[in-house]
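The lines below spell out each chain.
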Amino acid sequence: MAIKEPSITASPNRGLALTAGALLALWGFLGFFLAADGDPGFFSRQGGMLWNSFGVNPAMALLWVLLAVVLLITGLGTTIGSRNGNLLVGIVLVVMAVYGFALGNTSANVFALTFADNLFHAIVGVVLLLTAFGADRENIRAIRGSRRMDATV
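All of the points below concern the structure found in this document. Predicted, not measured: the structure shown is a model, and the values here were computed from it. Just so you know, the residues in each chain are numbered from 1, in the order the chain's sequence is written. Under the rules for a predicted model, residues below a pLDDT of 70 receive no local features and side-chain atom pairs below 80 are neither given nor counted, while totals for whole chains, interfaces and linings still include all residues. Side-chain calculation: all heavy atoms of the structure are included, whereas hydrogens and water are not.

### Comments concerning the overall build of the protein chain
For clarity, the cut-off: Counting from the N terminus, the helices are DSSP H or I runs at least four residues long and the strands are E runs at least two residues long. Exposure is judged per residue with a 1.4 Å probe applied to protein chains only, and the accessible area is read against the type maximum: over 50% gives exposed, under 20% gives buried, and values in between give partly exposed. Whether two residues touch is decided by their heavy atoms; if any such pair falls within 4.5 Å, the residues are in contact. Every accessible area reported is derived by Shrake-Rupley at a probe size of 1.4 Å, with residue values counting cover from the shown protein chains alone.
Looking only at helices and strands, one finds five helices and two strands in the protein chain. For the protein chain, the N- to C-terminal ordering of α and β elements is α-β-β-α-α-α-α. Residue burial in the protein chain is summarised as follows: out of 153 residues, 43% are buried. Partitioning the intrachain contacts of the protein chain with sequence separation of at least 6 by distance along the chain shows that 69% fall at a separation of at least 24. A total of about 8,000 Å² of accessible surface is found on the protein chain, and carbon and sulfur atoms cover 71% of it.

Below, the structure written as structure tokens:
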């Protein structure tokens, strides 16, 4: 007997993937327009400002859009896929936060990261990781068990 895939509202991983994906897509697309306010270089250290807090250059805007695409595609897919998408994007965002905190005031800051960017990346990354590791355990266990049962029949 096959287990039905949980709906978007019944799966925290799918819901969070779509929510965070929409947020990153919005910020990424706005970032492309606002990045022109600063230095026009793709990897400029001084990009434009998004809501007077978040530094953005074309490289940062592109990264946000790419991460949004991953989250939106996996969020519309399966629970296991959205968990893996949350895990991947969470790791990338936490790495970006560490990168920004460590190298934000150096010439290696090629993403025009500010303290607000670093804090945003850290919070969203940790929430994505915690959801990937802690939510949907019963749903995923049931789905995997159903697949094993179907394979043995």
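From this point, the narrative continues.
### Topic: a nonpolar patch on the surface
Let me state the cut-off plainly: To count toward a patch, a residue needs a relative accessible area over 30% and no salt bridge; like charges are then connected within 9 Å, while nonpolar side chains (Val, Leu, Ile, Met, Phe, Trp, Tyr) are connected within 5 Å. By convention in these notes, a salt bridge is any Lys or Arg side-chain nitrogen within 4 Å of a carboxyl oxygen on Asp or Glu.
There is a patch of nonpolar side chains on the surface, built from Phe29, Phe32, Phe42, Leu62 and Leu66 and spanning about 450 Å² of accessible area. The residue Phe42 is located in the loop between α1 (12–34) and β1 (48–50) in this model. On the basis of relative accessible area, Phe42 is assigned to the partly exposed category, the value being 39%.

### Digging into helix α2 (residues 58–76)
Selection rule: For a helix, the expected span equals 1.5 Å multiplied by the number of residues minus one.
For α2, which comprises 19 residues, the first-to-last C-alpha distance of 27 Å matches the rise-based estimate of 27 Å (1.5 Å per residue) to within 8%. Buried residues of α2: Pro58, Ala59, Met60, Ala61, Leu63, Trp64, Val65, Leu67, Ala68, Leu71, Thr74 and Gly75, and no others.

### Comments concerning unusual backbone geometry
Although it is not a glycine, Ala112 adopts a positive phi angle of roughly 55°. Residue placement: Ala112 occurs in the loop between α3 (79–103) and α4 (115–134).

### Comments concerning the packing of α1 against α2
Condition: Angles run from 0 to 180 degrees between N-to-C directions of axes, and those axes are lines fitted to C-alpha atoms, restricted for helices to the stretch in contact. The cut-offs work like this: below 35 degrees is roughly parallel, past 145 is roughly antiparallel, 65 to 115 is roughly perpendicular, and the gaps in between are oblique. In a left-handed crossing the near helix is turned counterclockwise from the far helix by less than a right angle, and in a right-handed crossing that turn is clockwise. All residues other than Ala, Val, Leu, Ile, Met, Phe, Trp, Tyr, Cys, Pro, Asp, Glu, Lys and Arg, Gly among them, are scored as polar; the first ten of these are nonpolar and the last four charged.
Viewed as axis vectors pointing N to C, α1 and α2 meet at an angle of 155°, and their least axial separation amounts to 7 Å. Judged by the angle between their axes, α1 and α2 are roughly antiparallel. Read as a crossing pair, α1 and α2 show a hand that is left-handed. The class makeup of the residues in the contact of α1 with α2 is 19 nonpolar, five polar and one charged.

### Considering the packing of α2 against α4
Relative orientation of the contacting elements α2 and α4 amounts to 15°, with a least axis distance of 14 Å. Viewed along their axes, α2 and α4 adopt a mutual orientation that is roughly parallel. Both α2 and α4 take part in a crossing whose hand is left-handed. Taken together, the residues of α4 that come into contact with α2 (itself represented by Met60, Trp64 and Leu71) are Asp117, Phe120, His121 and Leu128. Its residues placed into classes, the contact of α2 with α4 shows five nonpolar, one polar and one charged.

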